[in-house]
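Results of the structural survey
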Amino acid sequence: MKEARLDFLRELANIGTGHATTALSQMLNGRLFQLVVPDAQMLPFTEAAEYMGGAEQVVVGIFIVISGDVKGHMAFLQPLESALVLLRLLTGIEQPELDELGRSALQELGNIMVTSYLNALSTMTNLLMVPSVPGLAIDMAGAVWESVLAGAQVTDEVTVIRTRFSADGEDIEGHILFLPDHEDFEKVARLFGLGEL
Amino acid sequence: MTEVFVNMGEISSSKNQGILTTVGLGSCVGVALYDPQVKVGVMGHIFLPQSRPNDPQAPPGKYADTGIPAMIEEAVRLGASRSRLHAKLAGGANLFPNLSMSSTSIGQQNINAVVEHLKKHGIPVVSQDVAGSHGRKMRFFVENGVVTVTAIGKDPVEI
Amino acid sequence: MAKTVLITDDTAFMRMTLRNVIEKNGYQVVGEASDGEEAVALYQELQPDMVTMDITMPKMDGITAIKEIMKIDPKARIIVCSAMGQKPMVLEALSAGAKDFLVKPFDAERVVESLRKIGS
């Protein structure tokens, strides 16, 4: 049961992140941008914060509510260093600051990332998945994770898709959480010919 | 001095010495229960207000309704007296304020639930650093009952 | 030829990016709105030749803003610039009155191409 669910989410992740990465590389104007195959893991939710390098590490988190045919939530989290690399590549500023414009750029990056992911899934399934205005938090990993999980009402395990990018010689990390509501996840699974997951 | 880290949903306790610490309080509420006479301290990291039927294996400390009684029981087990116990709270923030997913944020719901259950058991909240939109780290020094709260970019505050 | 543009996007960074592209190509940005409500108000005040419109915004979303602006001016030239590119949304925007729909991220040429096409 669990394996099937994980495999299915991995499949969705491949499609979604591929699309999102194309979008991201377009935003970074011709920088070499390779996607390393996404790795999906099912984590007991208490381990989620440690997964990203410790509950105290500073991370950048984008969080959206999904509405439409598939309801739920989605989050994109990155260690701060990775987010700063993307910010540098995006703005051309060597030492980008996390001032209002910097935060705005990070928000837009995350927004395009999750929306492109949803667009890909939507095209595949013909189900409408509408993202909300995104929320942005730059804070301790533990705090961001638990706020995402509580907001999405996830009480058990969470499937995290870890993606690694390489841009301009730099290694960047990002974590995507696609958290559809249970009934809607079943809806998507059934479309792929998968029974009760 | 031993420092014990209390994860989401966990409850830890100590007597006379040690530091109970919880890192990364976002919407969760960190609760420090203390009996100053016998120096018994219990810390919990509450995730959601109410336990649910679809999570029967959940550790009691995950939800306010099961967590508060469990914490009190643990304190009593170590020799604390209910009438002497007091509580200090931290957390219950809303890290994504512009999302407004419900009229009351989860963080605020957690604060309300924790306060309600403590009141039900006659335990006063003597100080707190709650709400807002930033994450917190809470350290509870069992030797003297001091609790410090730290947020990124801010100096530690004693509550 | 249509020259003035009102930019609408809830992200300051995107407004700045669009402004740079638009101004570099000979157009004049006469105003910036950060939500649909502001866009409608500024449209009435500034009467721009063209409008770029995001969809996902607080207070009033882009589709509603398009409808409101079209009520004020049925000849309004609105170009949607949004990350949300799912077909039902594109169709809804176009039937509400938008003249073009650009999916983010878009390159500068695509924006300019749209402005030229819609503006003539």
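Heads up: these notes are all about the structure in this document. The structure presented is a predicted model; accordingly, all values stated were derived computationally and were not measured.

A word on the overall build of chain C. Regarding its fold elements, chain C presents 5 helices and 5 strands. Counting from the amino terminus, helix and strand elements in chain C follow one another as β-α-β-α-β-α-β-α-β-α. Computed over the C-alpha atoms, the radius of gyration of chain C is 12 Å, within 12% of the 14 Å expected from 2.2 N^0.38 for a compact globule of 120 residues. Each principal axis of the C-alpha distribution contributes one length, and for chain C these read about 30 × 30 × 25 Å. In chain C, which comprises 120 residues, the share counted as buried stands at 48%. Across chain C, the fraction of contacts at a sequence separation of at least 24, relative to all contacts at a separation of at least 6, is 59%.

Residues and elements named next belong to chain B. Taken in spatial order, the 5 strands line up as β2-β5-β4-β6-β7 in an open sheet, and their pairing is mixed. Sheet topology places β2 (11-15) and β7 (125-130) at the edges, where each strand pairs with a single neighbour. Averaged over all pairs of adjacent strands, the angle between strand axes in this sheet comes to 15°, irrespective of strand direction. Looking at chain direction, strand β4 (residues 29-35) and strand β6 (residues 86-91) are connected through 6 bridges and run antiparallel. The residue of β6 that forms the bridge with Val31 is Leu89.

Of all hydrophobic cores here, the largest spans 149 residues; its most connected members are Val144 of chain A, Val31, Leu33 and Val114 of chain B together with Val51 and Met53 of chain C. The biggest single contributor to this core is helix α4 (residues 100-125) of chain A, with 10 residues. Setting aside its immediate chain neighbours within four residues, Val114 of chain B contacts Val29, Val31, Ile46, Ala64, Ile68 and Leu89 of chain B.

Time to look at the interface of chain A and chain B. Contact residues are listed per partner, giving 23 residues for chain A and 23 residues for chain B. Elements represented by at least two residues in the side of chain A that touches chain B include exactly β2 (58-68), β5 (135-140) and α5 (141-151) of chain A. With 8 residues, α5 of chain A is the single largest residue contributor to the side of chain A that touches chain B. In the side of chain A that touches chain B, the residues fall into 12 nonpolar, 7 polar and 4 charged.

Moving on: the environment of Leu25 of chain B. Residues and elements named next belong to chain B. Note on placement: Leu25 falls in strand β3 (residues 19-25). Accessibility expressed as a C-beta count within 10 Å gives 33 for Leu25, which makes it buried. On a C-alpha basis, the gap between Leu25 and Lys137 in space is 6.2 Å, while along the polypeptide they are 112 residues apart.

Time to look at the interface of chain C and chain A. Taken together, the 15 residues of chain C in the interface contact 20 residues of chain A. When residues in the side of chain C that touches chain A are grouped by element, the largest group, 3 residues, is from helix α1 (residues 12-24) of chain C. For the side of chain C that touches chain A, a count of residues per class yields 9 nonpolar, 4 polar and 2 charged.

To describe two helices that pack against each other, one gives the angle between their axes and the distance between the axes. All names here are of chain B. It is the contact of helix α1 (residues 64-77) with helix α2 (residues 106-120), at a shortest axis distance of 9 Å, that shows an interaxial angle of 40°. One element, α1, and the other, α2, form an angle in the oblique class. For the crossing formed where α1 meets α2, the hand is right-handed. Taken together, the residues of α2 that come into contact with α1 (itself represented by Ala64, Asp65 and Ile68) are Asn110, Ala113, Val114, His117 and Leu118. The residue makeup of the contact of α1 with α2, split by class, is 5 nonpolar, 2 polar and 1 charged.

Here we take up the sheet that holds β3 of chain B. Sheet strands pair via backbone hydrogen bonds, and the direction of the pair is either parallel or antiparallel. Residues and elements named next belong to chain B. Spatial strand order, β1-β3-β8-β9-β10: 5 strands in an open sheet with mixed pairing. Sheet topology places β1 (3-5) and β10 (157-158) at the edges, where each strand pairs with a single neighbour. Two elements, strand β8 (residues 136-141) and strand β9 (residues 146-150), share 5 bridges in a ladder whose sense is antiparallel. By the bridge assignment, Lys137 is partnered in β9 with Thr150.

Right, let's talk about helix α2 (residues 36-46) of chain C for a bit. Every α-helical turn comprises 3.6 residues, leaving residues that sit three or four positions apart pointing alike. All buried positions along α2 of chain C are accounted for by Gly36, Ala39, Val40, Leu42 and Tyr43 of chain C. Just past α2 of chain C, the residue Gln47 of chain C takes up positive phi, approximately 45°.

All names here are of chain B. By the criterion of burial, strand β5 (residues 40-46) is predominantly enclosed, with 7 of the 7 residues buried. Residue alternation in β5 divides its side chains into two sets, Val40, Val42, Gly44 and Ile46 and Gly41, Met43 and His45, and both sets are buried. Where β2 lies against β5, 5 bridges are found, and the strand directions are antiparallel. Paired with Lys15 across the bridge in β5 is Val40. The pairing of β4 with β5 spans 7 bridges and is antiparallel. Looking at the pairing, Leu33 lines up with Val42 of β5. Linking two consecutive strands that pair antiparallel, namely β4 and β5, is a turn of 4 residues; a positive phi of about 55° is found at Lys39 within it.

Our focus in this paragraph is unusual backbone geometry. Looking along the chain, the bond that leaves Lys104 of chain C and enters Pro105 of chain C is cis, with omega of -5°. Summarising the element assignment, Pro105 of chain C is placed in the loop between β5 (100-103) and α5 (108-119). In this model, Asn16 of chain B sits at a positive phi of 70°, which is unusual for a non-glycine residue. Mapping Asn16 of chain B onto the fold places it in the loop between β2 and β3. One non-glycine residue with positive phi stands out, namely Lys59 of chain C, at about 65°.

About the cut-offs
Residues numbered from 1 in each chain as written. Chains lettered and ligands numbered in written order. Predicted model: local features only at pLDDT ≥ 70, side-chain atom pairs only at ≥ 80, totals over all residues. Helix = DSSP H or I, 4+ residues; strand = E, 2+ residues; numbered from the N terminus. Rg over C-alpha atoms; globule rule 2.2 N^0.38 Å. Buried ≥ 20, exposed ≤ 12 C-beta atoms within 10 Å, placed from the backbone. Contact = placed C-beta atoms within 7 Å. Pairing = 2+ DSSP bridges. Axes fitted to C-alpha atoms, helices over the stretch in contact; angles between N-to-C directions. Core = buried A, V, L, I, M, F, W, Y, C linked by C-beta atoms within 7 Å. Nonpolar A, V, L, I, M, F, W, Y, C, P; charged D, E, K, R; others polar. Parallel < 35°, antiparallel > 145°, perpendicular 65-115°, else oblique. Left-handed = near helix turned anticlockwise from the far one by under 90°.

Worth remembering: the numbers are spatial, not functional.
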